[in-house]
Amino acid sequence: MTDNRNPEAAWTYHDATKHSYASIRTNTHFMDWSIQPLPFKIYPTLEPMRLPSEVHQTGVAALSAIAESVPALTSAAPDLEAVAQLLYLSAGITRKRSYPGREFYFRAAACTGALYEVELYLVCGDLAKLQAGVYHFAPAEFGLRRLRAGDFRRVLLEATCGEPSIAHAPLTIVCTCTYWRNAWEYQARTYRHFGWDNGTLLANLLAVATALGLPARVVCGFGDADVNRLLEVDPQREVAFSLVALGYTAALAPQVPAEISPLHLETVPLSQREVDYPLMREMHAASSLDSAVEVETWRGRTPTKNISPSAGPIVSLEPFTDAEMPRDPVEQVIQRRGSTRKFARSLITLRQLSTLLDRATRGVPADFLDPPGAQLNDLYLIVHAVEGLAPGAYAFHRSRGVLECLKQGNFRADAGYLGLGQELPADAAVDVFFLADLRPILQCFGNRGYRAVQLEAGILGGKLYLAAYAQRLGATGLTFFDDDVTKFFSPHAEGKSAIFLVALGHSAKHKPG
Ligand SMILES: Cc1cc2nc3c(=O)[nH]c(=O)nc-3n(C[C@H](O)[C@H](O)[C@H](O)COP(=O)(O)O)c2cc1C
């Protein structure tokens, strides 16, 4: 078993899965439609229990919901309606599109290739109108399948070595990721996508939790085998990636009622055959925590330092105040979200950009972000069309609320190239790149820090999506040429790794006005 504390595995995986102009040109991979994986996990022997389908309107503005969280010790427990709301607005089917011969289902959160490799499971005590149990969320039926009856929250408490939010949460949602569902298209790079796609989903989930008045906390430190065993997933195929503790009650999770017996539940194979990409499973094994001691010592202060002090010209951000900001409710914003497929080359305002950056980066409640408000990723921008801001490359100094100009110029062609030669980043008003210095992160958290940094980027990227749609702008996640991104932002970004990219602007479909 590879030790989490030896970060060589993360470096090996990261370097081996970089995109470059040459790697894309020489990759002969194609999507074999004869083995296209099923988009849903199906338990053929379990009947789903339907969830209430009415979307309750909290009326909470999306720009508030993404920026705030409910204090950790606020007494609150979700009822069945709230559970349905959380699931629908994070992983539910929000749009259907028909193509000759088949229907295609799009979900609440953006996901690479629309492959939806993230599954959600509930581990809860007795909630109003929902009995204690372990449940699998079935988006196709919008229902829950009960895998275990009884209160198994103590298993998560032990797996997280006493994490307080888990100890007091009436409900924890466990997010798993299924390798083949995404690797069919993206091969070994899929392990990065786990973090991104789990992250965009969590951005929605956290925002909805806030709107419902529920404290929420993302937990990445847990004994992998214990959680996988509780869900009875086959860890060669599907693995627990993150937990989210939801709500707070003073009472601690009770003792486990019985031993965790094997379930032997049948599931439908995703396709006739699967192709193995061992690198991603090696990365997972090397970032797994195997003992209580390992989990306990994993949590620590986040190694953050402020982005290098600014030497270039500074522009202060001018975000909308609470009174000025658009107040579109979070439910409506999530339901109308969809990745922009073509950007209009039109201006957004500095206030809109400021609001995007300000609201999306006010902190994520997570066990790897301590003190609250810490952040692993640094944001760098290529600005093409922002009123009052010269086109160019910028570094975002979050703590000071300013952008530092690294170089001025029209970089539309560069942005198009960096975003894998796609038109979207060239046409957007602004491209936000996430870069992280992996060295201190891996030193502090071991290989598991690699999961955390990808997950955080996905969450922040997901918040940017929501902040854009709340302002009637468009957004899309994008992939990129790793080392060329670092080179573009250097010397400022020297030594950092490219983690994530989001393009923002007006959709060509919806003209501003
Ligand atoms: C991390 C991430 C990377 C993505 N990369 C690309 C990309 O390189 N090119 C692209 O056209 N769309 C990209 N997308 C958009 C997805 O294709 C899109 O989210 C998916 O088809 C689901 O559609 P929806 O977002 O409209 O619901 C990306 C999305 C995410 C979350």
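Reading guide: rules and limits
- Residues numbered from 1 in each chain as written.
- Predicted model: local features only at pLDDT ≥ 70, side-chain atom pairs only at ≥ 80, totals over all residues.
- Heavy atoms only, no water.
- Helix = DSSP H or I, 4+ residues; strand = E, 2+ residues; numbered from the N terminus.
- Rg over C-alpha atoms; globule rule 2.2 N^0.38 Å.
- Buried < 20%, exposed > 50% of the residue type's maximum accessible area, 1.4 Å probe, protein only.
- Contact = heavy atoms within 4.5 Å.
- Areas by Shrake-Rupley, 256 points an atom, 1.4 Å probe, with all protein chains shown as cover.
- Lys, Arg positive; Asp, Glu negative; His and termini not counted.
- Charge placed at Lys NZ, Arg CZ, Asp CG, Glu CD.
- Arc of directions from axis to C-beta.
- Pairing = 2+ DSSP bridges.
- Axes fitted to C-alpha atoms, helices over the stretch in contact; angles between N-to-C directions.
- Near = heavy atom within 4 Å.
- Polar contact = N/O pair within 3.5 Å; in protein donor to acceptor, adjacent residues only side chain to side chain.
- Nonpolar A, V, L, I, M, F, W, Y, C, P; charged D, E, K, R; others polar.
- Disulfide = S-S within 2.5 Å.
- Salt bridge = Lys/Arg side-chain N within 4 Å of Asp/Glu carboxyl O.
- Core = buried A, V, L, I, M, F, W, Y, C linked by side-chain atoms within 4.5 Å.

Q: When you look at the overall build of the chain in this model, what are you seeing that I'm missing?
A: Counting its secondary structure elements, the chain contains 18 helices and 18 strands. By the compact-globule yardstick of 24 Å for 513 residues, the chain fits well, its C-alpha radius of gyration being 22 Å. With respect to the three principal axes, the spread of C-alpha positions in the chain is 65 × 55 × 50 Å. Counting only residues that meet the buried cut, the chain has 60% of its 513 residues in that class. Across the chain, contacts joining residues at least 24 apart in sequence account for 82% of those joining residues at least 6 apart. A total accessible area of about 19,600 Å² is found for the chain, and carbon and sulfur atoms account for 53% of it. Between the mean site of the 49 positive side-chain charges and the mean site of the 53 negative ones, the chain shows a separation of 5 Å.

Q: In this structure, what is going on with helix H1 (residues 8-16)? I would like to understand it.
A: Residues three or four positions apart in an α-helix share a direction because the helix packs 3.6 residues into each turn. Taken as a whole, H1 has its buried residues at Ala10, Tyr13 and His14. End-on, the buried residues of H1 take up no more than an arc of 95°, which puts them together on one face. Buried residues along H1 sit in contact with helix H8 (190-211), helix H10 (278-286), helix H16 (438-445), helix H17 (448-470), helix H18 (482-489) and strand E18 (497-505).

Q: What exactly am I supposed to notice about the sheet that holds strand E17 (residues 474-478) here?
A: Two modes of strand pairing occur in sheets, parallel and antiparallel, and in both the strands are linked by backbone hydrogen bonds. Here seven strands make up an open sheet; going across it, the order is E10-E15-E14-E12-E16-E18-E17 and the pairing antiparallel. Two strands bound the open sheet, and with one partner strand each, they are strand E10 (314-316) and E17. If you compare each strand with its neighbour and ignore which way they point, the axes differ by 25° on average. Strand direction decides the pairing type here: strand E14 (residues 392-397) and strand E15 (residues 402-408), joined by six bridges, are antiparallel. Bridged to Tyr394 within E15 is Cys405. Those strands touched by helix H13 (residues 350-360) are E10, strand E12 (378-383), E14, E15, strand E16 (430-436) and E18, and its axis lies near 160° from that of E12.

Q: Would you mind showing me how to read the site of the ligand here?
A: Neighbouring the ligand are 22 residues, the closest being Arg95, Arg337, Ser339, Arg341 and Gln422. Interatomic distance of 2.7 Å between a side-chain N/O atom of Arg337 and an oxygen atom of the ligand. A distance of 3.2 Å is found between a nitrogen atom of the ligand and a backbone nitrogen or oxygen belonging to Gly477. For the ligand, the accessible surface in isolation is 610 Å², of which the surrounding protein chains cover 88%. Listing elements by their share of the shell around the ligand, those giving two or more residues are strand E3 (102-107), H8 and E17. Per element, the largest residue contribution to the shell around the ligand is three residues, and it comes from E17. When the residues that make up the shell around the ligand are grouped by side-chain class, the tally is nine nonpolar, eight polar and five charged.

Q: Honestly, the sheet that holds strand E1 (residues 49-50) in this entry has me stumped. Any pointers?
A: Here seven strands make up an open sheet; going across it, the order is E1-E6-E5-E4-E7-E9-E8 and the pairing antiparallel. Strands with a single pairing partner mark the edges of an open sheet, and in this sheet they are E1 and strand E8 (216-219). As paired strands, strand E4 (residues 118-124) and strand E7 (residues 171-178) are joined by seven bridges and run antiparallel to one another. Its bridge partner being in E7, Tyr121 is matched across the sheet by Val174. Packed on one face of the sheet, helix H4 (residues 80-91) meets E1, E4, strand E5 (133-138), strand E6 (143-149), E7 and strand E9 (238-246) and runs near 165° to E4.

Q: I tried to follow the side chain of Arg192 on my own but got confused; where do I start?
A: Topologically, Arg192 is positioned in helix H8. There is a polar contact of 2.9 Å between the side chain of Arg192 and the backbone oxygen of His14.

Q: Even after reading the chapter, I still don't get unusual backbone geometry, so can you show me in this structure?
A: Peptide bonds are, in most cases, trans, and in most cases residues other than glycine have a negative phi. Here Asp370 and Pro371 are connected by a cis peptide whose omega angle stands at 5°. Positionally, Pro371 belongs in the loop between H13 and E12. The residue after Ser490, namely Pro491, is reached through a cis peptide bond having omega 15°. Within the fold, Pro491 resides in the loop between H18 and E18. At Glu232, a position not held by glycine, the phi torsion is positive, near 50°. Tracing the sequence through the fold places Glu232 in the loop between helix H9 (224-231) and E9.

Q: Explanation requested: H18 in the structure shown.
A: Counting buried residues in H18 gives six out of eight residues, a clear majority hidden from the surface. Three or more residues of H18 are buried, namely Asp482, Asp484, Val485, Thr486, Phe488 and Phe489.

Q: Would you mind going over the state of the cysteines with me for this structure?
A: Think of a disulfide as a covalent bridge from one cysteine sulfur atom to another cysteine sulfur atom. The full count for this structure, using the stated rule, is zero disulfides. There is no disulfide at Cys111, and the cysteine sulfur nearest it, in Cys177, is 9.2 Å away. There is no disulfide at Cys220, and the cysteine sulfur nearest it, in Cys175, is 9.5 Å away. Its relative accessible area of 2% is what places Cys220 among the buried residues.

Q: Explanation requested: the pattern of salt bridges in the structure shown.
A: Pairs may arise between side chains of opposite charge once their charged atoms sit close together. The full count for this structure, using the stated rule, is 30 salt bridges. Measuring nitrogen to oxygen at the nearest pair gives 2.7 Å for the salt bridge that ties Asp378 to Lys496. Linking Asp378 in strand E12 with Lys496 in the loop between H18 and E18, this pair joins segments that are 118 residues apart in sequence. Each of the two residues, Asp378 as well as Lys496, counts as buried. Linked by salt bridges that have partners in common, Glu163, Arg217, Arg299 and Asp367 make up one network.

Q: What am I meant to see in the nonpolar core here?
A: One recurring pattern in soluble globular proteins: nonpolar side chains tend to sit buried together. If you look at the biggest cluster of nonpolar residues, it comprises 148 residues, and the most contacted ones within it are Leu353, Phe368, Leu381, Phe434 and Phe489. No other element matches H17, which puts 14 residues into this core. Not counting chain neighbours up to four residues away, the residues in contact with Leu353 comprise Ile348, Leu381, Val386, Leu389, Leu403 and Val430. With 24 residues, the next largest nonpolar core counts Phe152, Ala167, Ala169 and Val174 among its residues.

Q: Explanation requested: the environment of Arg351 in the structure shown.
A: In this fold, Arg351 is placed in helix H13. Along the primary structure Arg351 and Leu403 are separated by 52 residues, whereas in three dimensions their C-alpha atoms are 13 Å apart. When sequence neighbours within four positions are dropped, the list of residues in contact with Arg351 reads Glu318, Pro319, Phe320, Thr321 and Glu324. At 3.1 Å, the side chain of Arg351 forms a polar contact with the backbone oxygen of Glu318. Among the polar contacts listed, one links the side chain of Arg351 to the side chain of Glu324, at a separation of 2.8 Å.

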